[in-house]
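Residue-level listing of the chains:
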Amino acid sequence: MTAIRRRLVPYFLLGPGLIWLILFFVVPMYFMARLSLEEGTLTEGFRFTWQFSNFTDSLAESDTQFVRSFVYAGVATVLALLIAYPLAYAIAFRAGRWKNALLLAVIAPFFTTYLIRTLAWQTILNDTGVVVDTFKTLGLVSEGGRLLDTPGSVIAGLTYNFLPFMILPIYASLERIDQSLIEAAKDLYSSARTAFWKVTLPISAPGIVAGTLLTFIPAVGDYINADFLGSQNQAMIGNVIQSQYLVTNDYPSAAALSFVLMALILATVVIYIRFAGSEALMGEEARRA
Amino acid sequence: MRKTWKIVLALLALAAALGIAACGGGDGGLEEGASEEDVETAAAKPIGGEWTISNWPLYIDNKTIDEFDKEVGATTKYIEDINDNFEFFGKLRPQLQNGESGGRSMFVVTDYMAKIMRDLGYLQNIDKSAIPNVEENLRVELEAPDFDPEREYSVPWQSGFTGIVINTDLAPEIDSIEDLLKPKYEGKVTFLGDMYDDVSLVLKMQGADPANASEEEWNKAIDTIEEAADSGQIRDFTGNAYAGPLVKGDIVAAVGWSGDAIQLQADNPNVKWIRPAEGCNLWSDNMVIPVGAPNPGTAQAFMNYVYDPKNQAQIAEYVNYVTPVEGTKEVLEKQDPKVANNQLIFPDEQFTADCTPQAIPDPSFEDAVTERYQSVVTG
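All of these numbers come straight from a predicted model, not from anything done at the bench.

**Q** Explain the overall build of chain B here, please?
**A** The number of helices and strands found in chain B is 15 helices and ten strands. Computed over its C-alpha atoms, the radius of gyration of chain B comes to 23 Å, within 12% of the 21 Å expected for a compact globule of 379 residues. Expressed as lengths along the three principal axes of its C-alpha atoms, the size of chain B is roughly 80 × 55 × 40 Å.

Okay, structure coming up:
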């Protein structure tokens, strides 16, 4: 009896999570999949007809926005990585007693909602604001040019909004590094630079992989930044889905687009992890298993 | 080990059962459009007790509700949860489809949305015997709109004009929709992103009659907007968010609403609404009673209440849109002559001569143009 009970314990522990997943992931996915294969209009009603053309049509009509979403999210992820790594490194190794204060500063923007933060950028980047003036003086923006409603402002918004998701995992992986490993490298006549490339960077790779995924995935589907900081010529796939759901009420196309987006993200992530190696994602744990 | 599998199986079965149950509820598709016979008329009695109204933000003064509650012995729950006709519709549709209104006794939607909801059978008729003030005081121009010629299911809450809002410091010379499309203002103007408003104005510019425009005329107007959007002439489609950029000077002119401009002008004297040379759009937001509405009697009593010019004056003074209630001007002339003499709140016939209701496309091509227009707005 006790043996059986003991064997059952893990499944009981798994239960809540499993029910959660089924209720809030599997079931909605099922309905969305079904919806994506329906045809009709709101006034005439929707019928389930295995309408596979929803997928091909919506992909063909929104290819520009798909490409745009992946390019913007990709650039934003790279920028966020370039900003986050040195910052996380500084916080982990050089901040001393300021460490907690700096970490707090990284998280502080979350105390304000996403929407308000993005709206604030509208004011910061406006045509007559300080930023545009400075850029004009520096010759980075042409006379009569602007920042708001350009790809630059949307990418900047994405980078800014998802930066903490990049910093925190990288910080966590750097923080765990055993300093004696770096000392050992130096003992073996490695320069500081070589020690960084051969020891620090590889050990922090899981943080980088986690950070890039946490930034890239939500950034691809984001529509707030493109809405507030961009115009119709910077619309991303999230904007199209939102408009199809709420304005044209074309639920099947919107559902089909959501699935295509999900599949594309999944494919990108799988390729990325293959390329980076699963140890890079899981770190030591993967190697041990 | 077998037992553990049983648990997994049980969980899967539970999920499947839930799926099927939910499926049975949501699978029926939509009811066919409402035919004349099966539209219910909202009950005029009883009056009083709890009821709920959904409206747009800042669309009522802060005294009317209390005074109404006192007069008829009601407890009004007034929610400001409508920011966009289609978004509101999208949120509420699943409930309306099941004959429920989400607890709302009444809500306020723009002309075309009232028509869409009506065509789907989501609205009840209003009992005219319950609203004598409306019969008596509704402005003549609003008595028989195309979408509801008998005013069977809609009563205007407030009306307004769509035209151009300009920044007088930067572009005082703009006076037509055609001006907005001049190369000089490239990237300095915005449109609303509301098909009915944007297309109606461009139709007028192209000499078409918004009320009877053909599919070709619609497509021609959308072509023009698309070209301007792709080239960057139109900087953005803003919804109601044009005020900030206009005041800051990011843009010099925007397609916008009269009531907004009056409120904006109070803080920024350099903002002004103008009636485009081509004419403007005249629209109303309408009180409607959805299917399954609780306490429709009190909702209709409220319609009647706000159509008393005395009560309407209080609302008009606060919201600054065009009031649909005759006699309000006379009340305000004594209380607040500045509001009473504002052409944008109490326009005379000459002022509105070139203004027509928003174009609503013929159902035969409505879906096609809506889809096209939205793809312009989302690049």
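Once the structure has been displayed, the description carries forward.
**Q** What am I meant to see in the domain arrangement of chain B here?
**A** Size of an interface: often given as the accessible area lost when the parts come together. All names here are of chain B. You can read the domains of chain B as domain 1 (36-153 + 289-307) and domain 2 (160-282 + 357-377). The interface of domain 1 with domain 2 comprises seven residues on the first partner and six residues on the second. When the residues that make up the side of domain 1 that touches domain 2 are grouped by side-chain class, the tally is three nonpolar, no polar and four charged.

**Q** I'm lost on the packing of helix 9 (residues 192-221) of chain A against helix 12 (residues 251-276) of chain A in this one. Help?
**A** Each pair of packed helices can be summarised by the angle the axes make with each other and by the distance between the axes. Residue and element names in this part refer to chain A. Running from N to C, helix 9 and helix 12 point in directions that differ by 165°, and their axes come no closer than 11 Å. On the basis of the axis angle, helix 9 is roughly antiparallel to helix 12. Note that helix 9 runs across helix 12; the crossing there is right-handed. Along its contact with helix 9, which presents Val209, Leu213, Ile217, Val220 and Gly221, the element helix 12 presents Leu261, Ile265, Val269 and Ala276. Here the residues of the contact of helix 9 with helix 12 sort into eight nonpolar, one polar and no charged.

**Q** Quick question: what am I supposed to make of the interface of chain A and chain B here?
**A** Contact with chain A, which involves 38 residues of that partner, is made by 32 residues of chain B. Of all the secondary-structure elements, those providing two or more residues to the side of chain A that touches chain B are helix 1 (2-35), strand 2 (45-48), helix 3 (63-94) and helix 11 (237-246) of chain A. Tallying contributions element by element places helix 1 of chain A first for the side of chain A that touches chain B, with ten residues. Considered class by class, the residues forming the side of chain A that touches chain B number 17 nonpolar, 15 polar and six charged.

**Q** What is the right way to read the environment of Thr64 of chain B from this model?
**A** Residue and element names in this part refer to chain B. Relative to the helices and strands, Thr64 resides in helix 2 (residues 64-72). Looking at Thr64, the number of C-beta atoms within 10 Å reads 19, which means it is partly exposed. Residues Thr64 and Gln312, 248 residues apart in the sequence, show an inter-C-alpha distance of 8.8 Å. Leave out the neighbours within four places in its chain, and Thr64 touches Asn311, Gln314 and Ile315.

**Q** Help me understand helix 7 (residues 151-175) of chain A in this model?
**A** Every α-helix carries 3.6 residues per turn, so stepping three or four residues along brings you back to the same face. Residues and elements named next belong to chain A. The end-to-end C-alpha distance of helix 7 is 35 Å, a good match for the 36 Å that 25 residues give at a rise of 1.5 Å each. The sharpest bend along helix 7 measures roughly 45° and falls at Phe162, with the proline Pro164 sitting one to four residues further on. Most of helix 7 sits inside the fold, with 20 of its 25 residues counted as buried.

**Q** Looking at this structure, I do not really get the nonpolar core. What am I missing?
**A** Side chains that are nonpolar tend, in soluble globular proteins, to be buried together. Ranked by internal contacts, the top residues of the largest apolar core, which has 103 residues, are Met117, Val165, Val199, Ala253, Val288 and Met303 of chain B. For this core, the leading source of residues is helix 7 (residues 195-205) of chain B, giving seven residues. Counting contributing residues, this core receives three or more from each of domain 1 (36-153 + 289-307) and domain 2 (160-282 + 357-377) of chain B. Ignoring any residue separated from it by four or fewer positions in sequence, one finds Val288 of chain B in contact with Met106, Phe107, Val109, Ala114, Met117, Leu123, Tyr153 and Ser154 of chain B. Within the second largest apolar cluster, 51 residues are counted, among which are Phe162, Ile167, Ala235 and Val260 of chain A.

**Q** Honestly, the pairing of strand 3 (residues 106-110) of chain B in this entry has me stumped. Any pointers?
**A** Looking along a regular strand, one sees the side chains alternate between the two faces of the sheet. All names here are of chain B. A large share of strand 3 lies buried, amounting to five of its five residues. Bridge analysis of strand 1 (residues 49-54) against strand 3 gives two bridges, and the strand direction is parallel. By the bridge assignment for strand 3, Ser54 is matched with Phe107. Of the pairings in the sheet, the one linking strand 3 to strand 9 (residues 281-288) comprises four bridges and is antiparallel in character. When the bridges of strand 9 are listed, Thr110 appears paired with Asp285.

**Q** So what exactly am I meant to see when it comes to the environment of Asn342 of chain B here?
**A** Residues and elements named next belong to chain B. Structurally, Asn342 is set in the loop between helix 14 (337-340) and strand 10 (356-357). Assessed through the 17 C-beta atoms surrounding it within 10 Å, Asn342 is described here as partly exposed. Linking Asn342 and Asn320, residues 22 residues apart in sequence, is a C-alpha distance of 9.2 Å.

**Q** Looking at this structure, I do not really get the pairing of strand 2 of chain A. What am I missing?
**A** All names here are of chain A. When strand 1 (residues 38-41) meets strand 2, the two strands line up antiparallel, connected through four bridges. From the neighbouring strand, Glu39 faces strand 2, where its bridge partner is Arg47. The turn joining strand 1 and strand 2, which pair antiparallel and follow one another in sequence, is formed by three residues.

**Q** What should I look at first to understand unusual backbone geometry in this one?
**A** Outside of glycine, negative phi angles account for most residues, and trans bonds account for most peptide bonds. All names here are of chain B. For the peptide bond that leads from Lys45 to Pro46, omega is -5°, which places it in the cis range. Within the secondary structure, Pro46 is located in the loop between helix 1 (2-26) and strand 1. For Leu58, which is not glycine, the phi torsion reads 55° and is therefore positive. Residue position: Leu58 is located in the loop between strand 1 and helix 2. You can call Leu58 exposed: it has 12 C-beta atoms within 10 Å.

**Q** Got a minute to help me understand the packing of helix 12 (residues 309-319) of chain B against helix 13 (residues 328-335) of chain B in this structure?
**A** Residues and elements named next belong to chain B. As a packed pair, helix 12 and helix 13 sit with axes 8 Å apart at the nearest point and diverge in direction by 65°. Put simply, helix 12 runs roughly perpendicular to helix 13. Crossing of helix 12 over helix 13 shows right-handed handedness. Contacts from Pro309, Lys310, Gln312, Ala313, Ala316 and Glu317 of helix 12 reach helix 13 at Thr328, Val331, Leu332 and Gln335. Grouping the constituent residues of the contact of helix 12 with helix 13 by class yields five nonpolar, three polar and two charged.

**Q** In this structure, what is going on with the environment of Gly187 of chain B? I would like to understand it.
**A** All names here are of chain B. Within the secondary structure, Gly187 sits in the loop between helix 6 (177-180) and strand 5 (189-191). C-beta crowding within 10 Å serves as the criterion here: with 21 such atoms nearby, Gly187 is assigned to the buried category. For the pair Gly187 and Ile164, spaced 23 residues apart in sequence, the C-alpha separation works out to 16 Å. Not counting residues within four places of it along the chain, the set of residues in contact with Gly187 comprises Gly232 and Arg235.

**Q** How should I be thinking about the confidence of the model for chain B in this particular structure?
**A** Atomic detail in the predicted coordinates should be set aside for any region of low pLDDT. With 90% of its residues at a pLDDT of 70 or more, chain B has an overall mean of 88. In the predicted structure, residues 18-36 of chain B sits below a pLDDT of 50 and forms 17 contacts with residues beyond four places in sequence or in another chain.

**Q** Explanation requested: the confidence of the model for chain A in the structure shown.
**A** Residues of chain A with pLDDT of at least 70 account for 96%, and the chain-wide mean is 90. Model confidence for chain A, summarised as mean pLDDT per element, is weakest for helix 14 (residues 284-288) of chain A at 52 and strongest for helix 3 of chain A at 96.

Each value, and the rule that gives it
- Residues numbered from 1 in each chain as written.
- Chains lettered and ligands numbered in written order.
- Predicted model: local features only at pLDDT ≥ 70, side-chain atom pairs only at ≥ 80, totals over all residues.
- Helix = DSSP H or I, 4+ residues; strand = E, 2+ residues; numbered from the N terminus.
- Rg over C-alpha atoms; globule rule 2.2 N^0.38 Å.
- Domains from an automatic or database assignment.
- Contact = placed C-beta atoms within 7 Å.
- Nonpolar A, V, L, I, M, F, W, Y, C, P; charged D, E, K, R; others polar.
- Axes fitted to C-alpha atoms, helices over the stretch in contact; angles between N-to-C directions.
- Parallel < 35°, antiparallel > 145°, perpendicular 65-115°, else oblique.
- Left-handed = near helix turned anticlockwise from the far one by under 90°.
- Buried ≥ 20, exposed ≤ 12 C-beta atoms within 10 Å, placed from the backbone.
- Expected span 1.5 Å × (residues − 1).
- Bend = angle between axes of the 7 residues up to and from the residue.
- Core = buried A, V, L, I, M, F, W, Y, C linked by C-beta atoms within 7 Å.
- Pairing = 2+ DSSP bridges.
- pLDDT = per-residue confidence, 0-100.

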